[in-house]
Amino acid sequence: MAITPPDGAEVPRPAGVSAPTSGAGVTGVSAPRVRDHRVDALRGVALLMMCIDHIPQDVLNRFTMRNVGFADAAEVFVLLAGYASWLAYGRAFSRQPWQGVVERIVRRCGRLYVFQTLMAVVTIATIRLWRQYWPVPVDFLEPELAHGLDSLWRVMLLQALPGNLNILPLYIVLLGVFAPLCWVLRLVGPWPVLAASGALWAVVNFDPSLNFPNWLDPDGWYFDPLAWQFLFVLGACASILAGRHGGSLPRWRVLAAACWAYLVFSAVESFPWMDWGLPDVRPMATPWTDKMVLSPLRLLDVLCLFYLVQSSTLATRWAQGRVGQLMAMFGRHSLEVFTLGTIIDLYGRLVFTSFGVGWGMQVAINVVGFALLWGMTRELDRRRALARAARRA
């Protein structure tokens, strides 16, 4: 039994999804495919949280995962990018010519770059225009870009990454080296690759100066690719492991209990107790959780969450429900949702800054933003269904 991910690659049916009883093995009629929506649904949740978190004045960001854990939606996004990349491209290398798969990866990187460029141009143009009518705080856009376009070429070459526009360049880099990564994975297996990737991550954590240069920030890229590659590789290897166990990660009670215990500890340590007017009950001082180098506490947090979801039959059933399907719809169109969400964030921050953060404005920004995302993904889903119907005709 197989599941069809967004690109058409086949992956095993997950635990908790019952096999069909059509008797295909006897009659020769192929059974309908069942899709595991957990990855799409989790990615959809992460995308919405990223959209909310990027508007500091939005009251909803008090309820996102960054308030109850060391990690936030960015870690989920990158981990799932590695997981989905193996489903979309890694398995294809064994069935299709390498040249064709590499061409698909290159086209995807090009598409990511186009969307990154679109967001950068819209952001710079909008803020420069908005400033002509209403005051805009300095931190909305780096001064090098706010007061002149002489350095725009650096943005186009990914040498300068403005705030909130730094995760797609990371994705471009990671996907750009995915083809050789797949070759090494098939040559030596996951464990040596994980060891080498983990060693590089550890070195960067000891020496954070190892980073890609960012003309706008002397510390380098906000998401250091040399560290975050480990999360991407872990996602790809988790996809390989799940493929060997029916589409789900194997469920071990002891490991699940340890993950729950760590997530409870993470929630207690990360919850903004004082912001809610509550006594601070953290058992220890705030530990080191540097996001730039993907500190160990952040890494463990997202891995625990991911393991509990991808080894859970309950999560499978939730992803098949109404809310799960809505989130999966967002997740299936992650690039478009992220891009439109980033533009909505920009205008949301500007509107809040210029016209206030009252409850009426809060409701308006969130309702309009969600409606725009929902409308776009519905239309994209409709077009995808029509395209598939045309191919089958």
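All figures in this text were calculated on a predicted structure; none of them were measured in a lab. (Residues numbered from 1 in each chain as written. Predicted model: local features only at pLDDT ≥ 70, side-chain atom pairs only at ≥ 80, totals over all residues. Heavy atoms only, no water.)

A. Layout of the confidence of the model for the protein chain. Averaged over all residues, the pLDDT of the protein chain is 88; the fraction at 70 or higher stands at 91%. Counted against residues more than four places away or in other chains, residues 1-33, with its pLDDT under 50, gives 69 contacts. (pLDDT = per-residue confidence, 0-100. Contact = heavy atoms within 4.5 Å.)

B. Representation of the UniProt feature "transmembrane region" (unreviewed entry) in the protein chain. Sequence positions flagged by UniProt for "transmembrane region" (unreviewed entry) are, in local numbering, residues 68-89, 110-131, 151-177, 184-206, 226-242, 254-273 and 356-374. Taken as a whole, residues 151-177 contains 56% helix and 0% strand, while its terminal C-alpha atoms sit 27 Å from one another. (UniProt positions renumbered as here; feature names shortened; annotations may be inferred. Helix = DSSP H or I, 4+ residues; strand = E, 2+ residues; numbered from the N terminus.)

C. A look at a nonpolar patch on the surface. Judged by side-chain polarity, Trp98, Val102, Val106, Trp183, Val184, Leu187 and Val188 come together as a nonpolar surface patch covering roughly 610 Å² of accessible area. At four residues, helix 8 (residues 178-188) tops the list of elements feeding residues into the nonpolar patch. Along the polypeptide, valine 106 turns up in helix 4 (residues 98-130). (Patch = residues over 30% accessible without salt bridge, like charges linked within 9 Å, V, L, I, M, F, W, Y side chains within 5 Å. Areas by Shrake-Rupley, 256 points an atom, 1.4 Å probe, with all protein chains shown as cover. Salt bridge = Lys/Arg side-chain N within 4 Å of Asp/Glu carboxyl O.)

D. Focus on the side chain of histidine 333. Looking at the secondary structure, you find histidine 333 in the loop between helix 14 (322-332) and helix 15 (334-355). Polar side-chain contacts of histidine 333 include one of 2.7 Å to the side chain of aspartate 381. (Polar contact = N/O pair within 3.5 Å; in protein donor to acceptor, adjacent residues only side chain to side chain.)

E. Broad picture of the side chain of serine 311. Summarising the element assignment, serine 311 is placed in the loop between helix 12 (296-310) and helix 13 (313-320). Judged by relative accessible area, serine 311 falls into the buried class, the value being 9%. Engagement of the side chain of serine 311 in a polar contact is seen with the side chain of arginine 251, the distance being 2.7 Å. Residues within four places of serine 311 in sequence aside, it is in contact with Arg38, Leu249, Pro250 and Arg251. (Buried < 20%, exposed > 50% of the residue type's maximum accessible area, 1.4 Å probe, protein only.)

F. Here's a closer look at the packing of helix 10 (residues 225-243) against helix 12. Orientation of helix 10 relative to helix 12, taken along the N-to-C sense of each, is 20°, at an axis distance of 12 Å. When the axes of helix 10 and helix 12 are compared, the pair comes out roughly parallel. The two elements helix 10 and helix 12 meet at a crossing, and its hand is right-handed. Across the interface between the two elements, Phe230, Leu231, Leu234 and Ala238 from helix 10 touch Leu299, Val302, Leu303 and Phe306 from helix 12. The residue makeup of the contact of helix 10 with helix 12, split by class, is eight nonpolar, no polar and no charged. (Axes fitted to C-alpha atoms, helices over the stretch in contact; angles between N-to-C directions. Parallel < 35°, antiparallel > 145°, perpendicular 65-115°, else oblique. Left-handed = near helix turned anticlockwise from the far one by under 90°. Nonpolar A, V, L, I, M, F, W, Y, C, P; charged D, E, K, R; others polar.)

G. Expanded view of the nonpolar core. The biggest cluster of nonpolar side chains holds 109 residues, and the ones touching the most others in it are Val78, Ile105, Phe178 and Trp228. For this core, the leading source of residues is helix 3 (residues 73-90), giving 13 residues. With residues near it in sequence (within four places) discarded, tryptophan 228 still touches Ala74, Glu75, Val78, Leu170, Leu174, Phe223, Lys291, Met292, Val293 and Leu294. (Core = buried A, V, L, I, M, F, W, Y, C linked by side-chain atoms within 4.5 Å.)

H. Quick peek at helix 13. Within the span of helix 13, buried status applies to Ala315, Thr316 and Ala319. The buried residues of helix 13 all sit within an arc of 105° when viewed along its axis, so they share a single face. Taken together, the buried residues of helix 13 touch helix 2 (38-53), helix 12 and helix 14. A distance of 3.1 Å separates the backbone nitrogen of leucine 314 from a side-chain oxygen at the start of helix 13, and that oxygen is part of serine 312. (Arc of directions from axis to C-beta.)

I. The arrangement of the packing of helix 2 against helix 15 in detail. Interhelical geometry of helix 2 versus helix 15 gives an angle of 15° and a closest axis separation of 9 Å. Comparing their axes, helix 15 and helix 2 come out roughly parallel. Relative to helix 15, helix 2 is oriented so that their crossing is right-handed. Here Arg43, Leu47, Met50 and Cys51 of helix 2 come into contact with helix 15, specifically with Ser334, Val337, Phe338, Gly341 and Asp345. Classifying every residue of the contact of helix 2 with helix 15 by side-chain character gives five nonpolar, two polar and two charged.

J. Examining unusual backbone geometry more closely. Even without glycine at this site, asparagine 164 takes up a positive phi of about 70°. You can see asparagine 164 is positioned in the loop between helix 6 (152-156) and helix 7 (167-176). Residue leucine 294 is not a glycine yet carries a positive backbone phi of 55°. Structurally, leucine 294 can be placed in the loop between helix 11 (253-270) and helix 12.

K. Here's a closer look at the pattern of salt bridges. Applying the stated rule across the entire model yields 10 salt bridges. The partner of arginine 43 in a salt bridge is aspartate 40, and the shortest N-O contact between them spans 3.2 Å. One end of the pair, arginine 43, and the other, aspartate 40, are both in helix 2, three residues apart, so they sit about a helical turn from each other. Here the two residues arginine 43 and aspartate 40 agree in accessibility, since each one is buried. Between arginine 298 and aspartate 72 there is a salt bridge, and its shortest N-O distance comes to 3.4 Å. Of the two residues, arginine 298 is situated in helix 12 and aspartate 72 in the loop between helix 2 and helix 3; the sequence distance between them amounts to 226 residues. Three or more residues are tied together by salt bridges with common partners; here these are Asp72, Glu75, Lys291 and Arg298.

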